[in-house]
Every structure is written in structure tokens, then in C-alpha cells.
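Structural features, examined
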Amino acid sequence: MEESRTEGFDRFVAARWSALCHLASLLTGGDRHRAEDLLQDALVKLWFAWPRVGEQAPEAYVRRVLVRAAARSARRRWWGERPVEYLPEAAHAGDSAAAVDERTRLETALALLSAKQRAAVVLRYYLDYTEGQVAQAMGCPLGTARSHATRGVARLRQILGEVIEPVG
């Protein structure tokens, strides 16, 4: 039984690592190192819950753990980071890395949202959850989840429209 548990868990992690890591990165505002730490913690919790959720919905379980852990970690006052006054120079219009720049631009804007707004926007528009699923994943009422998503999108429009010039 232990071998099949290990094999099933290993197959799941191998198949979903990239997508879950990207989700964690979006939830942490683009900080890849924090995202990997967050995902590792979520996978440890999944390992212990694997007999219960392995055959049912392991990805939903990990996503819920990620959302809650990201919200918890965002409340911390210090992560050892130091803000800078100016962002690095933007790429030129003819740059072949425009797609990467656009993704970085969005991740930078997501990082400026509150943890709850960021989680609501990522769940609603990146993972394409319904408003009810967003509320359930965040552990809050439907109206609160809807409010976080709406305010997050409005803030993103403001940030992307005013602060950062479009690439290309």
C-alpha cells in the first residue's frame, strides 16, 4: 500500500508541478522563491492527506492550501525584501522577449494588490473559478469574494494603465 501511495503521489507531483508552481507564483506576487516554498509546504500537507484525497481531488486540495497559506504569509510584516525606488529599464518595442515582459508586467501589477485581492483575481480569472468556487477556496462569503475580485481588477486596470507603459 505504501508503494502505491508513493507512486500515485509522485505521479501527481510530476504531472502538476509546473502549473501549481505558476499558481503559487501568482499568489505570492511573482516571488518565485516564496512560491516554491509555499508549494513545498502545500505538498507536505498533501502527502499526509493523500490517503483521504488522493483518489478524489488532490489538485483542489493543494490549491486551497496554497490560497490559504499565501493569505497567511502575506500578513507577515517582514520577508527580508527591500523596496527599490525605480523599476528596471523596460524592454524596447522591437524586443523578441515582449511576451516575457508582458508576463513580468502583469506579475508586477499583481504583486501590488492586497493578498486577498490577488488571490481572488488569480482564482477567478487565471484558474477560471466561478464566484462561488472563489468564495469557497478563500473561505469567505460570496459577496466578499466578489468584492475582492472586483476591486482587484479595478486596481489592476489602474496600475497597468497609469504606472507601467504597455510593451510593444
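Placed above this text is the structure.
Read on for an overview of the structure. (Residues numbered from 1 in each chain as written. Predicted model: local features only at pLDDT ≥ 70, side-chain atom pairs only at ≥ 80, totals over all residues. Heavy atoms only, no water.)

Before going further, it helps to examine the packing of aromatic side chains. Under the defined criterion, the tally for this structure stands at three aromatic pairs. Ring plane angle 75 degrees and centroid distance 5.1 Å describe the contact between Phe9 and Trp47, whose orientation is recorded as edge-to-face. Separated by 38 residues along the polypeptide, Phe9 in helix H1 (residues 2-27) and Trp47 in helix H2 (residues 32-53) bring together distant segments of the chain. Take Phe9: its relative accessible area is 11%, and that puts it in the buried class. An aromatic cluster of three or more residues is present, and its members are Phe9, Phe12, Trp47 and Trp50. Its end group placed over the ring of Tyr125, Arg124 keeps NZ or CZ at 5.6 Å from the ring centre. (Phe/Tyr/Trp six-rings, centres within 6.5 Å; stacked < 30°, edge-to-face > 60°. Helix = DSSP H or I, 4+ residues; strand = E, 2+ residues; numbered from the N terminus. Buried < 20%, exposed > 50% of the residue type's maximum accessible area, 1.4 Å probe, protein only. Lys NZ or Arg CZ within 6 Å of the ring centre and 35° of its normal.)

For the rest of this paragraph, the subject is unusual backbone geometry. Even without being glycine, Asp128 reaches a positive phi, approximately 60 degrees. Among the structural elements, Asp128 can be located in the loop between helix H5 (115-126) and helix H6 (131-138).

Glancing now at the pattern of salt bridges. Side-chain pairs of opposite charge can arise whenever the charged atoms involved come near each other. Evaluation of the coordinates by the stated rule reveals five salt bridges. Notably, a salt bridge pairs Arg146 with Glu131, separated by 3.0 Å at the nearest N-O pair. With a gap of 15 residues between them, Arg146 in helix H7 (residues 142-163) and Glu131 in helix H6 connect regions that are remote in the sequence. Residue classification places Arg146 among the partly exposed positions, given a relative accessible area of 36%. Because the salt bridges share partners, they merge into one network encompassing Arg16, Glu59 and Arg63. (Salt bridge = Lys/Arg side-chain N within 4 Å of Asp/Glu carboxyl O.)

Along the chain, Leu127 turns up in the loop between H5 and H6. By relative accessible area, Leu127 is classed as buried at 16%. In this structure, the C-alpha to C-alpha distance between Leu127 and Leu23, residues 104 residues apart in sequence, is 8.5 Å. Leaving out residues up to four positions away in the same chain, Leu127 has contacts with Leu23, Arg63 and Val122. (Contact = heavy atoms within 4.5 Å.)

Within soluble globular proteins, side chains that are nonpolar generally end up buried alongside one another. Within the largest apolar cluster, 45 residues are counted, with the highest numbers of intra-cluster contacts made by Leu27, Leu39, Leu46, Val62, Leu66, Leu123 and Met138. Sequence-distant contacts of Leu39, defined by excluding residues within four places in its chain, comprise Trp17, Leu20, Cys21, Ala24, Val62 and Leu66. (Core = buried A, V, L, I, M, F, W, Y, C linked by side-chain atoms within 4.5 Å.)

Attention now moves to H6. Residue pairs spaced three or four apart in an α-helix point in one direction, given the helix's 3.6 residues per turn. Among the residues of H6, those classed as buried are Val134, Ala135, Ala137 and Met138. Looking straight down H6, one finds that the buried residues subtend no more than 165 degrees of arc, so they occupy a single side. Looking one or two residues beyond H6, the residue adopting positive phi is Gly139, at roughly 70 degrees. (Arc of directions from axis to C-beta.)

Attention now moves to H2. Between its first and last C-alpha, H2 extends only 27 Å over 22 residues, short of the 32 Å set by a 1.5 Å rise per residue. Along its length, H2 shows its largest kink, about 50 degrees, at Trp47, and proline Pro51 lies within four residues downstream of that point. Within H2 the residues assigned to the buried category are Arg34, Ala35, Leu38, Leu39, Ala42, Leu43, Leu46, Ala49, Trp50 and Val53. Taking the backbone nitrogen of His33 as reference, a side-chain oxygen 3.1 Å away marks Asp31 as the first, capping residue of H2. (Expected span 1.5 Å × (residues − 1). Bend = angle between axes of the 7 residues up to and from the residue. Polar contact = N/O pair within 3.5 Å; in protein donor to acceptor, adjacent residues only side chain to side chain.)

The analysis is restricted to geometry; functional conclusions fall outside its scope.
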